[in-house]
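Notes for the structure review
These are the residues of each chain, in order.
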Amino acid sequence: MEEKEILPEAQDKDQGVASDQDINTSVSEVPIEEAEQDIPEGCFDDVSQGKCAEPAVSLDWKFGTDAPSAPVQSGKQSSKRFFGVFGAVVAICMALLVVTLFLGDAGIKIYRTVTNERTVFVKEQNDGTSGLLAPEEAADLIKKSTVTVFVRTATGTGHGSGFIYTADGYICTNHHVVEDAVTVQVVLPDGKAFDATVVGSDEMADIAVLKIDKTGLTPVKLGSSAAALVGESVVAVGTPAKLDYAGTATFGKISATNRIVALTDDSGVVNKKMTVLQTDASVNPGNSGGPLANMYGEVIGIVVMKVSYFGGTTFDGIGFALPIDGAKTVIDAIIKDGKFEGENPIATGRSLLGVTGRGLLGGYWYANLDADDILQSETEKAGYTYIPYDGVYVVNVSGVNATGKLQEGDIITKINGLNMYTVYNIIDHVNRCPANAIVTVTVMRPDGESYREVNVDIILLSE
């Protein structure tokens, strides 16, 4: 909803200040004949009434002397004047109120000048009817549908979390929680354990569906991950450590929506990208598969992973959840057919630029640029090529979208304006982009004895 900030027009600062002309015309004229009547000394008043008022205040006052005293009106006269003014003000206010109530916009029109525009996100207040819950209420509601999942594999045991999807025993969790499991058990919120079967799972989306022989369960209420807002309050419920900590609730905010996270295999090569919700609610390995809910008690995500260590640095408050809108599509397909087929709504293969290359430092001489045993020299040598720019030297162009736009010998220096120094920089950057995105690649291209800058737009390939 858009809210426009309104500023009232400036009012005339001189309004209500009488001019000299106003003052003069406010004095009633007195006939000369009446003015000539005998008036006691020091008196002033309407001589036609034959009364003598209090002496006028002298205007002849010199600095250092006592200030003249102002005449004091009688209490009776002052009270009458006060109640008269007060009654007039009340009457005017009541009249305006009546006009506003009965005539509406036809009675009074307020003209405003729009000076600024901003977008404001508004959600219902907790008025008892909107469904918005207090944090403790939301946590209590979600805990009633959150379970612990125990597995045994050929090499050991482990556990994760999950949630009740249907009242007749379908349970949702992550694929990686039950991957290679020999046996699976589900522990309900009341502490009772049931053997579970794996109905099916999707490794790409990291979603699995389990089934236990139990009815009358309390399923979660699903919300909309598309409606999630950055800064919105959320609660994550699960079993972060051993079973003693089942039903642990942690609170936080939505840190980002539609976050694209590239995942790598054991060798460090990107193998897929996932579009997820990011939250600062504290989550741990045992939370995997558990619900992330909003303050309406609706599940909007499935906790899947966190960033805890990268590049020698430890991190906190960077957790991720699978958006429930896409997850529901996968879950329903697995319940119906035992598997999911089609375009994955959560994960895609990695993005590719379609080139092979190697990162080089500018200002050096190189030999065997297209070989594994590349040689580098600080001085000129026979058979060596001088590379003046930092970037990625293109050894080969293989992608259909890059063919004809990039060529061998190009030095890729930027993608979408961001400096590129190594092949890993390129891999990381293109995998931050959605599938089939168009990126602008800046290269320095050999042109005789020098180089010239060339910018080309390339549609990324998707595996």
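Residues numbered from 1 in each chain as written. Predicted model: local features only at pLDDT ≥ 70, side-chain atom pairs only at ≥ 80, totals over all residues. Heavy atoms only, no water.

Here we look at helix α7 (residues 423–430)
For α7, the set of buried residues is Ile 426, His 429 and Val 430. Angularly, the buried residues of α7 cover 90° about the axis, an arc narrow enough to put them on a single face. At its buried positions, α7 is contacted by β12 (270–279), β19 (351–352), β24 (391–397), β25 (411–415) and β26 (418–419). (Buried < 20%, exposed > 50% of the residue type's maximum accessible area, 1.4 Å probe, protein only. Helix = DSSP H or I, 4+ residues; strand = E, 2+ residues; numbered from the N terminus. Arc of directions from axis to C-beta. Contact = heavy atoms within 4.5 Å.)

Notes on the packing of aromatic side chains
Taken as a whole and assessed by the stated rule, the structure comprises two aromatic pairs. Each ring, one from Trp 365 and one from Tyr 386, has its centre 5.0 Å from the other, and the planes form 50°; the classification is tilted. In this pair, Trp 365 sits in strand β21 (residues 364–367) while Tyr 386 sits in strand β23 (residues 385–387), placing the two residues 21 residues apart along the sequence. Owing to a relative accessible area of 18%, Trp 365 belongs among the buried residues under this scheme. (Phe/Tyr/Trp six-rings, centres within 6.5 Å; stacked < 30°, edge-to-face > 60°.)

Focus: the sheet that holds β21
Think of a sheet as strands paired side by side through backbone hydrogen bonds, with each pair either parallel or antiparallel. With antiparallel pairing, three strands are arranged side by side in an open sheet as β22-β21-β23. With partners counted over all chains shown, the strands left at the sheet margins are β22 (375–377) and β23, one partner each. Geometrically, the sheet is characterised by an average inter-axis angle of 35° between neighbouring strands, direction not taken into account. Taken together, the three bridges between β21 and β22 define a ladder with antiparallel strand orientation. (Pairing = 2+ DSSP bridges. Axes fitted to C-alpha atoms, helices over the stretch in contact; angles between N-to-C directions.)

A short note on the pattern of salt bridges
Across all of its chains, the model carries seven salt bridges by this definition. Where Asp 244 meets Lys 242, a salt bridge forms, and the shortest distance between an N and an O atom there is 3.8 Å. Residue classification places Lys 242 among the partly exposed residues on the basis of a relative accessible area of 48%. (Salt bridge = Lys/Arg side-chain N within 4 Å of Asp/Glu carboxyl O.)

A few points about the nonpolar core
By size, the foremost hydrophobic cluster in this structure holds 33 residues, and its most contacted members are Ile 207, Leu 322 and Ile 331. A total of six residues in this core trace back to one element, the largest contributor, which is helix α6 (residues 324–337). Aside from chain neighbours lying at most four places away, what touches Ile 331 is Tyr 165, Cys 172, Ile 207, Val 209 and Ile 302. Formed by 20 residues, the second largest nonpolar core is a distinct cluster that contains Leu 353, Val 430, Cys 433 and Leu 460. (Core = buried A, V, L, I, M, F, W, Y, C linked by side-chain atoms within 4.5 Å.)

Some remarks on α6
Look at α6: 19 Å from first C-alpha to last across 14 residues, which is about the 20 Å you get at 1.5 Å a residue. Inspection of α6 places Ile 324, Gly 326, Ala 327, Val 330, Ile 331, Ala 333 and Ile 334 among the buried residues, and these make up the whole buried set. Positive backbone phi, approximately 85°, marks Gly 338, located one or two places after α6. (Expected span 1.5 Å × (residues − 1).)

Examining the environment of Met 274
Here Met 274 is to be found in strand β12. Considering only alpha carbons, one finds Met 274 and Arg 259, 15 residues apart in sequence, at a separation of 7.9 Å.

What about a nonpolar patch on the surface?
Taken together, the side chains of Phe 86, Val 90, Met 94 and Leu 97 present a nonpolar region at the surface, about 380 Å² in accessible area. Within the fold, Val 90 resides in helix α3 (residues 75–103). (Patch = residues over 30% accessible without salt bridge, like charges linked within 9 Å, V, L, I, M, F, W, Y side chains within 5 Å. Areas by Shrake-Rupley, 256 points an atom, 1.4 Å probe, with all protein chains shown as cover.)

Focus: the sheet that holds strand β8 (residues 207–212)
The strand order β3-β4-β5-β8-β7-β6 describes a closed barrel built from six strands, whose pairing is antiparallel. Going from strand to strand, the sheet's axes swing by 40° on average, the running direction of each strand aside. Relative to strand β4 (residues 157–164), strand β3 (residues 146–152) is paired through seven bridges, and the arrangement is antiparallel. Within β4, the position partnered with Arg 152 by the bridge is Thr 157. Along the sheet, α6 contacts β4, β5 (170–173), β7 (193–202) and β8; its crossing angle with β8, the most-contacted strand, is approximately 50°.

Brief notes about the pairing of β8
Every other side chain in a regular strand lies on the same face of the sheet, so the side chains alternate between the two faces. With five of six residues buried, β8 is to be regarded as a mostly interior element. Relative to β8, β5 is paired through four bridges, and the arrangement is antiparallel. What sits directly across from Thr 173, in β8, is Ala 208. Where β7 hands over to β8, the hairpin turn is made up of four residues, of which Asp 206 adopts a positive phi near 60°.

Considerations on the confidence of the model for the protein
Averaged over the protein, the pLDDT score is 83; the fraction of residues at 70 or greater is 75%. Under a pLDDT of 50 for its full length, residues 1–73 has, in the predicted model, 47 contacts with residues more than four places off or in other chains. Of the regions scoring below 50 in pLDDT, residues 105–112 engages in five contacts with residues more than four places distant in sequence or in other chains. (pLDDT = per-residue confidence, 0-100.)

Things to note about unusual backbone geometry
Look at Asp 206: it is not a glycine, yet its phi comes out positive at around 60°. Counting through the fold element by element, Asp 206 comes out in the loop between β7 and β8. At Asn 258, a position not held by glycine, the phi torsion is positive, near 55°. Looking at where Asn 258 falls in the secondary structure, it is placed in strand β11 (residues 248–264).

Concerning the side chain of Thr 413
Counting through the fold element by element, Thr 413 comes out in strand β25. Excluding its chain neighbours within four sequence positions, the residues that come into contact with Thr 413 are Tyr 389, Asp 390, Leu 418, Asn 419, Met 420, Thr 442, Val 443 and Met 444.

Let's talk about the environment of Leu 461
Within the secondary structure, Leu 461 is located in strand β29 (residues 461–462). Sequence-wise, Leu 461 and Leu 352 are 109 residues apart; in three dimensions their C-alpha atoms are separated by 4.9 Å. In this structure Leu 461 touches Arg 350, Ser 351, Leu 352, Gly 399, Val 400 and Asn 401, once residues within four positions along its chain are discounted.

Some words on the side chain of Asn 344
In this fold, Asn 344 is placed in the loop between α6 and β18 (347–348). Residue Asn 344 is classed as buried on the basis of its relative accessible area of 13%. Engagement of the side chain of Asn 344 in a polar contact is seen with the side chain of Asp 202, the distance being 3.0 Å. Ignoring sequence-local partners within four residues, the contact set of Asn 344 consists of Asp 202, Met 204 and Ala 205. (Polar contact = N/O pair within 3.5 Å; in protein donor to acceptor, adjacent residues only side chain to side chain.)

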